[in-house]
Amino acid sequence: MRSERRRELLVCGVAAGLAMSGFALAAVVRGRWPAGAGAVAVPYHAHLWDLLHGQASGDLLFNWNSGYGAPFLADFFAYLMNPFSWPTALLPRSQGQLAVLLVTLATIGLGTALMAHLLGRLHPGPHWLRVFTAVGYGLCAWVLDVGGGAPMWLWGLVSLPLLGLVGDWCLHERRWVAGALCVALAWAGNLYTAALATLIAGLLFAVRLFATPRTVRHRARATGRAVTLTLTGVLLASPVLFVAVRAAGGAQPESPVQSPGPAGLGGHLAELLPATSGGQPLPDVAIGVLGLLLVCGLPFNRRVRVRERAVWCTALLLVVATFVWTPTVLVWHGLAIPAGGPYRAAFALSGLLVLAGWVSLAHRPDRLTLAGGAALVAAVAALAAARHPVHASTWVLLGVGGAVVLAALLLLDRRHTDRRASALATWMLGGAVLGNAVWSGYTAFGATPDDSVPPSAMRAGHAAVRAGADWPDGRSDPGPHAYTPNDPLLLNGQGGGYSSGYLPTVTALLLHDLGAGWTAGGRQTGSVTDPVGQALFGVVAHLDDGPPPHGFAAVRAPAPPLVTVLPPGARTGTSSVWARQESLLGSQVYDAPLPVPAGGPAPTLHGTSGWSVPGGTEGTVFTAACTPGSTAYFHALWYSGTVSGLGTDYRSDGEQPSTAVAVHRLGTVPADGVVRVTLRSDAVSQVPARPIGCLRTDALAAAVTRLTATGATRVEAGGHTLTAALPPGSTGTALVSVPATEGWTCAVDGGGSAAPTPVLGMIGVPLGGGADRISCAFRPPGLTEGLTVTSGTAAVLALVAGFARLARRRPAHTPRRERRRAAATGR
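Note that this is a predicted model, so its numbers are computed, not measured.

Reading the values: the criteria
Each chain has its residues counted from 1, running along the sequence as written. Given that the model is predicted, a residue must reach a pLDDT of at least 70 before its local features are reported, and side-chain atom pairs must reach 80 or more before they are shown or counted; all residues, however, enter totals for whole chains, interfaces and linings. Where side-chain values are given, they derive from all heavy atoms of the structure, hydrogens and water being excluded. For Phe, Tyr and Trp, where Trp contributes only its six-membered ring, two rings pair if their centres lie within 6.5 Å, and the inter-plane angle classes them as stacked under 30 degrees, edge-to-face over 60, or tilted in between. Think of it as a cone above the ring: NZ of Lys or CZ of Arg counts as a charge over the ring if it is within 6 Å of the ring centre and within 35 degrees of the ring normal. Elements are defined by DSSP. Helices are runs of H or I of four residues or more, strands are runs of E of two residues or more, and each kind is numbered from the N terminus. Buried residues are those whose accessible area, probed at 1.4 Å on protein chains only, stays under 20% of the maximum for their type, while exposed residues exceed 50% and partly exposed ones sit between those limits. Working rule for contacts: check all heavy atoms of both residues, and any pair within 4.5 Å makes them a contact. When two cysteine sulfur atoms lie within 2.5 Å, the pair is treated as a disulfide. What goes into a patch is any residue over 30% in relative accessible area without a salt bridge, connected to like charges within 9 Å or, for nonpolar side chains (Val, Leu, Ile, Met, Phe, Trp, Tyr), within 5 Å. Residue exposure ignores everything except the shown protein chains as possible cover, and the areas themselves are Shrake-Rupley values with a 1.4 Å probe. Here, a salt bridge means any side-chain nitrogen of Lys or Arg that lies within 4 Å of a carboxyl oxygen of Asp or Glu. Positive charges are assigned to Lys and Arg, negative charges to Asp and Glu, while His and the chain termini are left out of the count. A charge is said to be at NZ when it belongs to Lys, at CZ for Arg, at CG for Asp and at CD for Glu. Two strands pair if DSSP finds at least two bridges between them. Interaxial angles span 0 to 180 degrees and are taken between N-to-C directions of axes, which are lines fitted to C-alpha atoms, for helices over the stretch in contact. Orientation categories follow fixed angle ranges, with anything under 35 degrees roughly parallel, anything over 145 roughly antiparallel, 65 to 115 roughly perpendicular, and all other angles oblique. What a helix should span is 1.5 Å times the count of its residues minus one. The term nonpolar core refers to a set of buried residues drawn from Ala, Val, Leu, Ile, Met, Phe, Trp, Tyr and Cys, joined through side-chain atoms within 4.5 Å.

### Comments concerning the packing of aromatic side chains
- Inspection of the entire model under this criterion finds 18 aromatic pairs.
- Three or more aromatic residues joined by ring pairs form one cluster here, namely Phe62, Trp64, Trp471, Trp744 and Phe778.
- Looking at arginine 30, its charged tip hangs above the ring of tyrosine 442, at a distance of 3.9 Å from the centre.

So this is what it looks like as structure tokens:
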């Protein structure tokens with residue numbers, strides 16, 4: 001028994017090592033890995049490093065760094081629950097790219113090892129062949145194209161075989177408690193991929209349940225164990241589930257993403273081939289030449305029972321059909337096409353293909369099987385090439401790799417009793433599998449531009465942000481300069497930049513309304529770019545775009561404290577971005593006249609909705625009268641085209657509703673007080689009704705002085721709390737420069753806590769007849785309910801485990817009939 005376990009550990013370890021080595025080799029040769037890691041994974045892991053080293057201003061519940069204060073627990077569950085992410089805190093902070101690479105490699109290794117073990121449980125077969133089949137799973141096209149740059153999704157590579165093993169335990173009616181814990185581990189690691197893995201594991205369980213003859217009673221018992229075990233495991237992960245669902249309910253909706261539509265038979269077939277990637281989004285399901293040949297040969301493999309072949313082929317066809325038909329593609333992704341790609345679920349189909357291929361390989365495919373499989377592969381390649389572009393490297397891999405694989409499998413079939421011939425065939429298969437994976441990885445990694453941040457630039461930006469740090473007396477904003485959408489996490493500042501699927505709608509709309517702009521339909525926000533917006537958020541230091549070598553310039557400016565006081569009866573204006581900023585500032589600091597068309601194609605004013613600007617090379621000219629010497633800004637918002645005025649020319653790439661352009665500085669208003677702006681666009685576009693605002697810097701300085709005098713005299717911020725001491729007897733509304741997201745409660749002078757009263761999206765705390773102190777605390781919605789459900793489920797699980805242990809210790813019960821027979825014999 002021990003020798004078998006050691007042998008199984010060796011098989012799984014070799015499979016993991018080969019998969020990790022193949023991925024690492026492809027990354028080293030190409031000099032990069034899948035796109036997306038630099039923009040999302042590296043910043044989040046940098047923030048995890050700060051949390052674990054006590055250098056973050058927030059904690060697991062709240063993130064003071066991003067979006068000028070945002071809930072964090074749901075993001076932690078979504079982006080950092082891969083267990084391999086946590087040990088990366090042992091590395092230096094500046095080695096974020098290396099940390100993410102190590103997480104990726106470890107996850108690939110574990111997923112491949114578990115798949116190798118699952119293949120052995122599915123059907124016995126040669127150990128080395130099991131290793132190479134599992135490597136095809138660990139280095140499938142989804143990993144190389146998508147998962148390798150997203151460690152949070154890559155956890156699905158582990159969940160699928162892990163849940164498959166849980167299904168095996170159910171079939172053999174053992175390890176109920178361990179199975180429930182494994183389900184909880186999969187669901188806690190990443191909800192999205194766990195749900196997909198659960199569907200495929202359930203399908204695998206059903207295939208195995210009905211592919212072989214079993215009694216109805218056994219099927220019922222096994223199914224009951226699987227259902228109760230899965231439900232228990234999901235309930236154990238309730239904090240993740242409840243917090244994620246509540247956060248998703250309050251998150252900014254995704255911008256409309258066009259359905260993938262019918263890509264055509266050729267496009268989908270091409271994705272089965274190695275080293276294939278195109279411009280049109282398609283499912284990355286290639287599992288290598290060996291896996292493709294085995295799956296195509298399964299229908300012809302006479303050594304697999306007819307019933308088993310029929311069940312496997314039916315299951316494969318059903319799942320493949322769901323990746324082709326748009327309504328079922330939507331079902332795979334929760335009825336919404338994700339902005340990051342319409343086929344994130346492709347790893348689930350890849351795993352099923354690998355399992356089906358192993359069923360054929362474990363039964364030693366004969367010449368008919370290989371001939372049928374080769375013919376089917378040739379037909380797939382021909383149809384794909386006729387309707388979809390196929391790379392030259394694909395033909396090389398199919399031709400050379402396919403010939404090697406066919407020769408090796410034929411050798412295994414004809415001389416399987418010859419140890420030398422079997423060894424030669426095994427090494428041939430191993431070389432073909434690894435060569436295919438490394439070449440496919442090399443091709444995939446070069447298909448997208450490198451989005452990583454140079455370590456020297458990251459270190460310089462981090463040092464500049466830390467040099468201006470004054471938290472919580474003021475914010476040190478890494479923007480508006482940006483290396484990534486998550487620079488506040490990457491550089492440990494306190495800015496408006498944030499990219500998250502759980503970014504609250506309140507946060508997105510607040511920053512949008514104050515002129516910060518957004519992309520991805522509001523799921524990616526930026527820092528405010530103008531002095532008034534920076535004053536409203538207490539930004540005392542920020543990084544602006546600057547010269548090489550690092551591309552930024554550090555800027556400091558006075559700002560009021562994070563908590564200010566609006567006087568009683570203060571009114572809020574919402575007619576323009578300038579009016580909203582003045583309402584929160586409590587002072588008039590802008591000239592914001594209605595612009596006058598003064599040349600070019602005539603625009604059309606639609607009331608407060610804005611201007612329609614005609615397209616054309618001539619350009620539409622607007623003029624506005626402002627105070628001479630003031631600073632003019634332009635709010636393009638959804639406008640797409642060029643903006644020229646006061647010596648400034650820039651490109652505005654707005655697109656409603658996905659991309660809103662931030663406020664942009666034009667220049668100093670001349671002595672005649674006339675601001676002249678020219679707009680040129682290729683098509684009709686939109687600008688706000690009052691796009692020009694002229695800031696009187698002396699008025700802003702006076703407003704900042706007043707807010708500092710009447711605002712908080714001391715601010716203390718904990719991980720998810722904030723306390724401010726106010727001038728004695730303050731009245732009106734305490735304005736906390738934090739988005740008023742759900743979960744905040746505030747108290748005045750130690751009184752009862754209540755939800756704040758938002759002021760244009762910021763936290764507002766009415767002070768009543770006079771107050772000296774306010775205190776606010778944040779608790780993620782859904783956390784209490786989740787912990788309650790988990791506690792109850794854990795208690796039930798502990799009882800089940802205790803009874804099971806007692807039952808194992810109790811002597812075996814002898815049936816009454818046997819006891820009577822033994823007694824009669826004794827007489």
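### Considerations on the side chain of serine 422
- Tracing the chain through its elements places serine 422 in helix 19 (residues 419-445).
- Relative accessible area serves as the criterion here: at 16%, serine 422 is assigned to the buried category.
- When sequence neighbours within four positions are dropped, the list of residues in contact with serine 422 reads Leu412, Arg415 and His416.

### Section: the state of the cysteines
- Tallying each qualifying case throughout the model produces two disulfides.
- Disulfide partner of cysteine 626: cysteine 694, at an S-S distance of 2.0 Å. The sign of the 65° torsion about the S-S bond sets the cysteine 626-cysteine 694 disulfide as right-handed. Of this pair, cysteine 626 sits in the loop between strand 14 (616-625) and strand 15 (631-634) while cysteine 694 sits in strand 21 (residues 692-695), and the two are 68 residues apart along the sequence. When sorted by exposure, cysteine 626 lands in the same class as cysteine 694, which is buried.
- No disulfide involves cysteine 140; its sulfur sits 17 Å from the nearest other cysteine sulfur, which is in cysteine 296.
- Residue cysteine 140 is classed as buried on the basis of its relative accessible area of 0%.
- Cysteine 182 takes part in no disulfide bond, and the closest cysteine sulfur to it belongs to cysteine 170, at a distance of 11 Å.

### Considering a positive patch on the surface
- There is a patch of like positive charges on the surface, built from Arg2, Arg5, Arg6 and Arg175.
- Summarising the element assignment, arginine 2 is placed in helix 1 (residues 2-30).

### Some points on the pairing of strand 7 (residues 539-545)
- Among the seven residues in strand 7, five count as buried, and that is most of the element.
- Across four bridges, the pairing between strand 3 (residues 475-480) and strand 7 is parallel. If you follow arginine 475 over to strand 7, its bridge partner there is valine 539.
- Where strand 7 lies against strand 8 (residues 552-556), five bridges are found, and the strand directions are antiparallel. When the bridges of strand 8 are listed, alanine 541 appears paired with arginine 556.

### Notes on the packing of helix 9 (residues 191-211) against helix 10 (residues 216-236)
- Where helix 9 meets helix 10, the closest approach of the two axes is 11 Å, and the angle between their N-to-C directions is 170°. Classified by the angle their axes make, helix 9 and helix 10 are roughly antiparallel. Along the contact surface, helix 9 presents Thr198, Phe205, Leu209 and Phe210, while helix 10 presents Arg219, Ala222, Thr223, Ala226 and Thr230.

### Overview of helix 4 (residues 96-122)
- With 27 residues, helix 4 ought to run about 39 Å at 1.5 Å a step, and its terminal C-alpha atoms sit 39 Å apart, in line with that.
- Burial analysis of helix 4 places 19 of its 27 residues in the buried class, which makes it a mostly covered element.

### Examining the environment of glycine 111
- With respect to the element layout, glycine 111 can be found in helix 4.
- It is 8.1 Å that separates the C-alpha atoms of glycine 111 and leucine 162, two residues lying 51 residues apart in sequence.
- With residues up to four places along the chain from it excluded, the contact list for glycine 111 reads Tyr137, Leu157, Val158 and Pro161.

### Some words on the sheet that holds strand 26 (residues 762-766)
- A sheet is described by the order of its strands in space; here three strands give the open sequence 9-24-26, paired in antiparallel fashion. The open sheet has two free edges, formed respectively by strand 9 (563-566) and strand 26, since each of these has just one partner strand. In this sheet, adjacent strand axes meet at a mean angle of 35° when their direction is disregarded.
- In this structure, strand 24 (residues 733-739) lies alongside strand 26, joined through five bridges in antiparallel fashion. If you follow leucine 735 over to strand 26, its bridge partner there is glycine 764.

### Regarding the nonpolar core
- Formed by 167 residues in total, the largest nonpolar core has its most connected members in Phe23, Met115, Trp312, Leu409 and Leu429.
- With 14 residues, helix 7 (residues 151-171) is the single largest residue contributor to this core.

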